[in-house]
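Coordinates in review
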Amino acid sequence: MTRHEAFDELDFEDRMATATFDVAPDAHIVVDGDACEGCTTKACVTVCPASLFVELSSGGVLFNYEQCFECGSCYLVCNEAGAISWRYPEGGKGVIIRRG
Amino acid sequence: MTSDFEVVVVGAGPAGSIAALQLARAGFSTCLVERGPFPGSKNVYGGVIYPRVLDDLLPAWRDDAPIQRVVTRRSTMLLTETQSVSLDVRVQAWGAPPYNGVTAFRGEFDQWLADEAVAAGATLVTSTTATGLQLDAGRVVGVSTDRPDGDLACALVVACDGVNSFLAREAGLYPSFSRHHMTLGVKEVLALDRRELESRFNLTGREGCDIEMLGATGEITGGGFLYTNLESLAVGCVLKLDDLAASKRRPEEVLAELKSHPSIAPLVAGAELVEYAAHLIPEGGYDAMPTLGKPGMVVAGDAASMTLAAGVWLEGVNYAMAAGATAAAAAVLARAEPGGLAGTHRHYTRLLKATFVQQDHKRLRRAPAVVFSDFVQRVQPGLVCDVAESFFTVANPEAKPGLLRTIRRVMRARGITVFAALRSAVATMRVFR
């Protein structure tokens, strides 16, 4: 291994704790769980930079919307047309990026 | 229907705020609608604002704008797992006015731009999401918002609502809106003592450094970046969404690997993560751009795919600002005509062709294909690094081989055909000539 050994990677929760969210009462992401069960890629699970999607043993996908960066990657990589409905959160809510 | 405002600008990023600034100056009643609690609160970028557009529009920007550093050093770095070759360019003249490029926190910079629009007479409404267009016989006549009784009637909508532009898509301007043109950017801002930072990057005073990397993202097409703020670094990578999905890798893991590279790790060591963020980037170039408007509506900035990802050049804020100013100029022309502001889109499309926005994108329309090609992404970094390594390795008692022989030997060892190398070289020349 020739990689720099002094490197100390953060765990994911600590990483997400550096971002600020003013969570909206209503979810801006809606997932059709039935459609997800037929999905072969589950691309949302690995692509989402906030790791909001979790694959269930049943084949479905569990998600939460609270810590969303609002990037849109999930619905764009979604393999099952319409399984992920995504819109912007209510005005003033959602991620607040200060040093973007 | 009476209009609440003559123009509604959706999105207070660089495109929207400059559009609102210029519209207000031209005497239009202008509403600037922003979904975040403050302008810039939803925005992330890859490091450098090229400010020439501001010289005319806001001549005092060098004193007024919240700038972190002025870039005097920019590197383009090719990496393999254990090697790197850099083209490291330092120009001291860039550190003196008018400045070639500056770094900033978008939460501060975008707020400042929006405040300038407000000072010129525009009405800024934050914490308000535009939810759709209002149409009348095919013409855009307003936007709906998520505020109670929040519908805004107007004669012109300037859609600067970002990379996911729901408004441009609803208007039917995007025949080919697709993930294939998108990259995901993930970025960390890392706090670092100012003296330590300046020492690591060879900077003094407000000088700044911007490093762009190729070959740092493994099998995933993309690149990396590292730039300096006053007392922090920003390090990130941009990853082609299709490849990222296919790789099954997590974006923050790709970034962690980039940060652990022997050429990068010492630069970021000990710096503390203060903000992690992510954003999509429309990198399809000219051919991915939408139709730029329709009666009663124009689209600018990321919403119109106006970012240039041409390897050695990564720009977007400058194009957004210029497009916003052009939208306002188009409205001024349309106002004098019988059809009024509904005809803005025709002037906008025509005027924009004469600006660097369309000229750069058109001239470099094949750049994304070349920069994202397998050869440039996965073959060239290793080829260049191996040739450099061989060239600078002193293998005494062997005599030095010539450069051509070294290149031939590296190509043979890496299984690179002359045909592939020439084809890529020709494609690159055709794009950048």
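Residues numbered from 1 in each chain as written. Chains lettered and ligands numbered in written order. Predicted model: local features only at pLDDT ≥ 70, side-chain atom pairs only at ≥ 80, totals over all residues.

It is worth spelling out the overall build of chain B at this point. When helices and strands are counted, chain B shows 16 helices and 19 strands. The C-alpha radius of gyration computed for chain B amounts to 23 Å, which stays within 12% of the reference 22 Å derived for 433 residues, consistent with globular compactness. Its C-alpha atoms give chain B principal-axis dimensions of about 85 × 50 × 40 Å. Counting the 433 residues in chain B, one finds 55% classified as buried. Taking contacts inside chain B between residues at least 6 apart in sequence as the whole, the part at least 24 apart equals 71%. (Helix = DSSP H or I, 4+ residues; strand = E, 2+ residues; numbered from the N terminus. Rg over C-alpha atoms; globule rule 2.2 N^0.38 Å. Buried ≥ 20, exposed ≤ 12 C-beta atoms within 10 Å, placed from the backbone. Contact = placed C-beta atoms within 7 Å.)

Here we take up the overall build of chain A. Each helix and strand in chain A was counted, giving four helices and six strands. Moving toward the C terminus, one meets the helices and strands of chain A in the order α-β-β-α-α-β-β-α-β-β. In terms of its C-alpha atoms, chain A occupies a principal-axis envelope of roughly 45 × 40 × 20 Å. Out of the 100 residues in chain A, the part that is buried amounts to 40%. At a minimum sequence separation of 6, the contacts of chain A that also span at least 24 residues come to 67%.

So, about the pairing of strand β15 (residues 272-282) of chain B. All names here are of chain B. Burial analysis of β15 places eight of its 11 residues in the buried class, which makes it a mostly covered element. Both strand β11 (residues 182-191) and β15 contribute to a ladder of 10 bridges, which runs antiparallel. Looking at the pairing, Leu184 lines up with Leu280 of β15. (Pairing = 2+ DSSP bridges.)

Our next topic: the interface of chain A and chain B. Chain A puts 33 residues into the contact, and the matching count from chain B is 46 residues. Elements supplying a minimum of two residues to the side of chain A that touches chain B: α1 (12-16), α3 (43-47), α4 (73-77) and β6 (94-96) of chain A. In the side of chain A that touches chain B, the residues fall into 16 nonpolar, 10 polar and seven charged. (Nonpolar A, V, L, I, M, F, W, Y, C, P; charged D, E, K, R; others polar.)

Next up on the list: the sheet that holds strand β7 (residues 130-136) of chain B. Strand-to-strand pairing in sheets goes through backbone hydrogen bonds, with the strands running parallel or antiparallel. Residues and elements named next belong to chain B. The antiparallel open sheet is built from three strands, whose spatial order is β7-β8-β9. The open sheet is flanked by β7 and β9 (152-153), the only strands paired with a single partner. Of the strand pairs in this sheet, strand β8 (residues 139-145) and β9 are connected by two bridges, and their pairing is antiparallel. Bridge pairing links Gly142 to Ala153 in β9.

On to the sheet that holds strand β1 (residues 7-10) of chain B. Residues and elements named next belong to chain B. Taken together, six strands build an open sheet; the order of strands is β6-β2-β1-β10-β17-β16 and the sheet is mixed. Strands at the two margins of the open sheet, each flanked by one partner only, are β6 (123-125) and β16 (293-294). Across four bridges, β1 lies against strand β10 (residues 156-159) in parallel orientation. What sits directly across from Val9, in β10, is Val158. Along the sheet face, helix α1 (residues 14-25) touches β1, β2 (30-33) and β10 and points at about 165° away from the line of β2. (Axes fitted to C-alpha atoms, helices over the stretch in contact; angles between N-to-C directions.)

The next thing to look at is the packing of α1(B) against helix α10 (residues 317-335) of chain B. Residues and elements named next belong to chain B. One way to put it is that α1 packs onto α10 with a least axis distance of 7 Å and a crossing angle of 30°. With respect to α10, the element α1 is oriented roughly parallel. The handedness of the crossing between α1 and α10 comes out as right-handed. Counted together, Pro14, Ala15, Gly16, Ile18, Ala19, Gln22 and Leu23 of α1 and Val317, Ala320, Met321, Ala323, Gly324, Ala325, Ala327, Ala328 and Ala331 of α10 form the full contact between these two elements. (Parallel < 35°, antiparallel > 145°, perpendicular 65-115°, else oblique. Left-handed = near helix turned anticlockwise from the far one by under 90°.)

This part takes up the confidence of the model for chain A. Residues at a pLDDT of 70 or more form 92% of chain A, whose mean pLDDT is 90. Ignoring residues within four places in sequence, the model shows residues 1-7 of chain A, a span with pLDDT below 50, making 12 contacts including any to other chains. (pLDDT = per-residue confidence, 0-100.)

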